[in-house]
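Listed below, chain by chain, are the residues.
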Amino acid sequence: MALVEALILQPTTTAILLGLVFLLIVYLLSFNASSHQENKEPPGPRPIPVLGNMLQLNLKRPYLSLWEMSKKYGSVFTVYLGPKKVVVLAGYQTVKQALVNNAEEFGNRDISPVFSDFSKGHGILFSNGESWKEMRRFSLTTLRDFGMGKRGSEEKIIEETHYLREVLEDLQGKPFDTSQPLNYATSNVISAIVYGSRFQYTDSKFKDMVDRTNENIKISGSPSIQIYNMFPWLGNWLKDWKRLMTNRAHNLKQIKELVANLEETLNLGETRGLVDSFLIRKKNAEKAGDKDTYFHEDNLIITVSNLFAAGTDTTSTTLRWCLLLMAKYPQIQDRVQEELDRVIGDRQPVVEDRKNLPYTDAVIHETQRLANIVPMSLPHATTCDITFQGFFIKKGTCVFPLLTSVLRDETQWESPQNFNPAHFLDEQGQFVKNDAFMPFSAGRRVCLGESLARMELFLFFTYLLQHFRFTPPPGVSEDQLDLTPAVGLTLNPSPHKLCAVSRASRIYS
């Protein structure tokens with residue numbers, strides 16, 4: 001009897017092992033549950049093999065599909081573009097928290113195949129690491145040295161407004177496509193800063209380079225290039241990709257020729273523009289035997305290409321929207337011109353006038369908000385693992401800050417879908433800022449040329465509205481002017497024509 005009691009009271013080795021295994025299982029289950037909770041990834045629609053969520057997206061306007069998804073899955077969610085995982089950020093509070101409050105963690109650029117084809121890791125827009133830091137620092141400092149956002153660039157812009165006015169006056173009020181003259185004008189501003197001189201609007205090489213640049217920006221947002229980014233092995237079968245590469249090759253060749261001409265006439269004691277400054281840094285690095293320098297030809301050519309494209313397209317696109325909206329809403333154009341006539345009269349508008357033109361300033365800002373020309377920003381990537389709003393996002397994950405959801409956030413704007421300059425005016429009619437105004441993005445990757453673009457928009461818009469009345473072509477009513485954007489990496493107005501009627505002749509109602 002004593003022996004039986006001993007066997008019952010003293011656990012066997014097998015029982016001990018079973019107990020330990022049971023405790024280990026409980027621990028592992030508990031640890032996995034805790035780990036899963038800590039590493040909870042953002043929700044999203046279920047992807048299908050190979051294609052991911054591609055069939056759920058409108059590839060012509062993916063930003064609209066993603067915005068609609070955010071209403072179901074929240075302000076932080078996941079989609080798969082083919083096999084590629086993307087985290088989408090929607091709404092002002094979420095985008096601000098990521099790009100501003102966590103600027104370092106969300107500060108890399110995700111470089112898709114087509115952007116890699118463009119830049120090969122060089123330049124400013126589609127690069128990362130020390131090369132990007134050096135090129136951005138150099139470009140920002142040099143552009144400021146040449147007057148970006150200051151009196152120096154103001155003079156260059158004012159000079160260009162006069163050339164543009166001559167072009168529009170020669171049309172004598174006949175209908176015209178706004179794209180080319182505005183593209184050439186804004187391109188000349190950045191050219192004057194980068195190269196040290198402007199080009200004639202009749203210069204065929206200049207016109208071809210601007211036209212190819214804008215065509216590439218349009219094609220880069222096409223459905224076929226989005227498919228290429230998902231499945232880059234399709235490149236040789238896609239006409240759009242071949243067209244992009246042809247345009248790129250022509251433009252880089254032309255930039256190299258311009259740089260070579262500047263190098264031949266380089267004066268170390270007098271810099272004409274950003275290219276001269278870069279060439280001097282490059283020669284100094286070569287003289288010092290610095291083989292690790294970032295001031296080499298590839299970075300120079302791609303940086304110039306980046307500045308030329310960004311400095312041309314976004315500003316001219318916004319100006320096109322400005323003029324189209326003035327033609328569509330003549331009563332708003334009336335108020336702008338009344339304010340200009342009262343405050344400025346016939347003299348040349350200058351940047352200093354902005355503070356005395358609150359309604360005009362509000363109209364420009366509201367155009368930028370509604371036009372929403374870079375609806376998904378350029379893609380970001382995380383620099384490290386991060387837990388954001390309770391969700392785990394792995395280092396190197398592609399992130400889309402959905403700027404369209406910021407600029408039309410119903411919690412930030414009274415009537416987000418309408419053109420309403422009152423969004424930027426207080427009860428006394430004075431201009432007021434809104435923190436949700438993010439057309440230039442925010443954080444580490446905020447637009448390098450924001451101050452220049454703001455100056456250009458103000459000076460071009462006020463000067464053009466001072467001298468011209470913009471109307472639909474004869475036989476076209478204001479209601480028939482279409483505000484549906486064209487397909488592209490940036491959102492241009494759909495093809496249209498306007499009339500620029502000289503205000504001096506007073507031939508308008």
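If you're wondering where the values come from, they're calculated on a predicted model, not measured in any experiment.

1. Some words on the sheet that holds strand S1 (residues 76–81)
Part 1: A sheet is described by the order of its strands in space; here 5 strands give the open sequence S1-S2-S7-S4-S3, paired in mixed fashion. Every other strand in the sheet has two partners, leaving S1 and strand S3 (108–109) as the edge strands with one partner each.
Part 2: Its contacts with the sheet place helix H3 (residues 62–73) against S1, strand S2 (84–89) and strand S7 (398–401), and it is angled at close to 130° to S1.
Part 3: Contacting S1, S2, strand S4 (380–381) and S7, helix H4 (residues 92–101) runs over the sheet at an angle of about 115° to S2.

2. Points about the environment of valine 50
Part 1: Position of valine 50 relative to the elements: it lies in the loop between helix H2 (13–38) and H3.
Part 2: On the basis of relative accessibility, which here comes to 59%, the residue valine 50 falls in the exposed class.
Part 3: Each C-alpha atom, one on valine 50 and one on lysine 84, is 9.4 Å from the other, the two residues being 34 residues apart in sequence.
Part 4: Once residues lying within four places of it in the same chain are set aside, the contact partners of valine 50 are Gly82, Pro83 and Phe231.

3. Observations concerning the UniProt feature "binding site: heme" (unreviewed entry) in the chain
Part 1: The sites that carry the UniProt feature "binding site: heme" (unreviewed entry) are, in the present numbering, Cys447.
Part 2: Within the secondary structure layout, cysteine 447 lies in the loop between helix H16 (403–407) and helix H17 (450–467).
Part 3: On the basis of relative accessible area, cysteine 447 is assigned to the partly exposed category, the value being 31%.

4. A few points about the nonpolar core
Part 1: Counting 101 residues, the largest nonpolar core has Leu89, Phe106, Met326, Phe461 and Phe470 as the members making the most contacts within it.
Part 2: Residue contributions to this core peak at 14 residues, all from helix H13 (residues 297–328).
Part 3: Those residues within four positions of leucine 89 in sequence are excluded, and the remaining contacts are Ser75, Val76, Thr94, Val95, Ala98, Phe106, Phe388, Val399, Phe400, Pro401, Leu402 and Ser405.
Part 4: Formed by 20 residues, the second largest nonpolar core is a distinct cluster that contains Leu57, Leu59, Phe231 and Phe400.

5. Some thoughts on the confidence of the model for the chain
Part 1: Counting all residues, the mean pLDDT for the chain is 91, and 91% of those residues have values of 70 or more.
Part 2: Confidence over residues 1–11 falls short of pLDDT 50; this stretch has 1 contact with residues more than four positions distant or in other chains.

6. Regarding the packing of helix H6 (residues 129–145) against H13
Part 1: Between H6 and H13, whose axes approach to 12 Å, the crossing angle comes to 60°. With respect to their mutual orientation, H6 and H13 come out oblique. In this structure, H6 crosses over H13, and the sense of that crossing is right-handed. Only Asn299, Thr303 and Leu307 of H13 make contact with H6, whose side of the interface consists of Ser131, Met135, Ser139 and Leu143.
Part 2: A breakdown of the residues in the contact of H6 with H13 according to their chemical character gives 3 nonpolar, 4 polar and no charged.

7. Let's talk about the pattern of salt bridges
Part 1: Inspection of every chain in the model, using the stated rule, returns 21 salt bridges.
Part 2: Across the pair glutamate 104 and arginine 444 runs a salt bridge whose closest N-O atoms are separated by 3.7 Å. Here the residue glutamate 104 occupies a position in the loop between H4 and S3, and arginine 444 occupies one in the loop between H16 and H17, the gap between them amounting to 340 residues.
Part 3: A salt bridge links arginine 369 to glutamate 366; the nearest nitrogen and oxygen atoms lie 2.8 Å apart. A residue pair is termed a helical-turn pair when its members lie 3 or 4 positions apart in one helix, as arginine 369 and glutamate 366 do in helix H15 (residues 358–371) at 3 residues.
Part 4: Overlapping salt bridges bring together Glu134, Arg137 and Arg281 as one network.

8. Details of helix H12 (residues 274–287)
Part 1: With 14 residues, H12 ought to run about 20 Å at 1.5 Å a step, and its terminal C-alpha atoms sit 20 Å apart, in line with that.
Part 2: Among all positions of H12, only Leu274, Val275, Asp276, Ser277, Phe278, Leu279, Ile280, Lys282 and Ala285 are buried.
Part 3: The elements touched by buried residues of H12 are H6, helix H8 (179–194), helix H11 (239–264) and H13.
Part 4: A positive backbone phi angle near 70° is found at glycine 289, which sits one or two residues after H12.

9. Observations concerning the packing of aromatic side chains
Part 1: Evaluation of the coordinates by the stated rule reveals 18 aromatic pairs.
Part 2: For the pair phenylalanine 106 and phenylalanine 388, a centre-to-centre distance of 5.2 Å together with 70° between the ring planes defines the contact as edge-to-face. Of this pair, phenylalanine 106 sits in the loop between H4 and S3 while phenylalanine 388 sits in strand S5 (residues 386–388), and the two are 282 residues apart along the sequence.
Part 3: Between the aromatic rings of tyrosine 228 and tryptophan 241, the centroid separation amounts to 5.6 Å while the plane-to-plane angle is 40°, which identifies the pairing as tilted.

10. Structural notes on the pairing of S1
Part 1: In terms of residue burial, S1 counts as a mostly covered element, since 5 of its 6 residues are buried.
Part 2: The sheet contact formed by S1 and S2 spans 6 bridges and is antiparallel. Note that in S2 the partner of leucine 81 across the bridge is lysine 84.
Part 3: Here S1 folds back onto S2, and the loop between the two strands holds 2 residues, one of which, glycine 82, carries a positive phi near 65°.

11. A short note on the side chain of serine 220
Part 1: Along the chain, the position of serine 220 falls in helix H9 (residues 204–220).
Part 2: Since its relative accessible area comes to 8%, serine 220 is described here as buried.
Part 3: Engagement of the side chain of serine 220 in a polar contact is seen with the backbone oxygen of asparagine 216, the distance being 2.7 Å.
Part 4: Residues contacting serine 220, with those up to four places away along its chain left out, are Phe118, Ile225, Leu244 and Leu489.

12. Quick notes on the environment of asparagine 53
Part 1: Residue placement: asparagine 53 occurs in the loop between H2 and H3.
Part 2: The class for asparagine 53 is buried, based on a relative accessible area of 0%.
Part 3: For the pair asparagine 53 and lysine 84, spaced 31 residues apart in the sequence, the C-alpha separation amounts to 9.9 Å.
Part 4: Every residue in contact with asparagine 53, bar those within four places of it in the chain, is listed here: Pro45, Arg46, Pro47, Val79 and Tyr80.
Part 5: Polar contacts involving the side chain of asparagine 53 include one to the main-chain carbonyl oxygen of arginine 46, which spans 3.2 Å.

13. Structural notes on H9
Part 1: Here H9 spans 24 Å end to end across 17 residues, near enough to the 24 Å set by a 1.5 Å rise per residue.
Part 2: Among the residues of H9, those classed as buried are Phe206, Met209, Val210, Arg212, Thr213, Asn214, Asn216, Ile217, Ile219 and Ser220.
Part 3: Buried residues along H9 sit in contact with helix H5 (113–119), H8, helix H10 (223–230), H11 and H13.

14. As for the side chain of serine 119
Part 1: Its location among the elements puts serine 119 in helix H5.
Part 2: Sequence-distant contacts of serine 119, defined by excluding residues within four places in its chain, comprise Phe126, Ile302 and Asn306.

Calculation notes
- Residues numbered from 1 in each chain as written.
- Predicted model: local features only at pLDDT ≥ 70, side-chain atom pairs only at ≥ 80, totals over all residues.
- Heavy atoms only, no water.
- Pairing = 2+ DSSP bridges.
- Helix = DSSP H or I, 4+ residues; strand = E, 2+ residues; numbered from the N terminus.
- Contact = heavy atoms within 4.5 Å.
- Axes fitted to C-alpha atoms, helices over the stretch in contact; angles between N-to-C directions.
- Buried < 20%, exposed > 50% of the residue type's maximum accessible area, 1.4 Å probe, protein only.
- UniProt positions renumbered as here; feature names shortened; annotations may be inferred.
- Core = buried A, V, L, I, M, F, W, Y, C linked by side-chain atoms within 4.5 Å.
- pLDDT = per-residue confidence, 0-100.
- Parallel < 35°, antiparallel > 145°, perpendicular 65-115°, else oblique.
- Left-handed = near helix turned anticlockwise from the far one by under 90°.
- Nonpolar A, V, L, I, M, F, W, Y, C, P; charged D, E, K, R; others polar.
- Salt bridge = Lys/Arg side-chain N within 4 Å of Asp/Glu carboxyl O.
- Expected span 1.5 Å × (residues − 1).
- Phe/Tyr/Trp six-rings, centres within 6.5 Å; stacked < 30°, edge-to-face > 60°.
- Polar contact = N/O pair within 3.5 Å; in protein donor to acceptor, adjacent residues only side chain to side chain.

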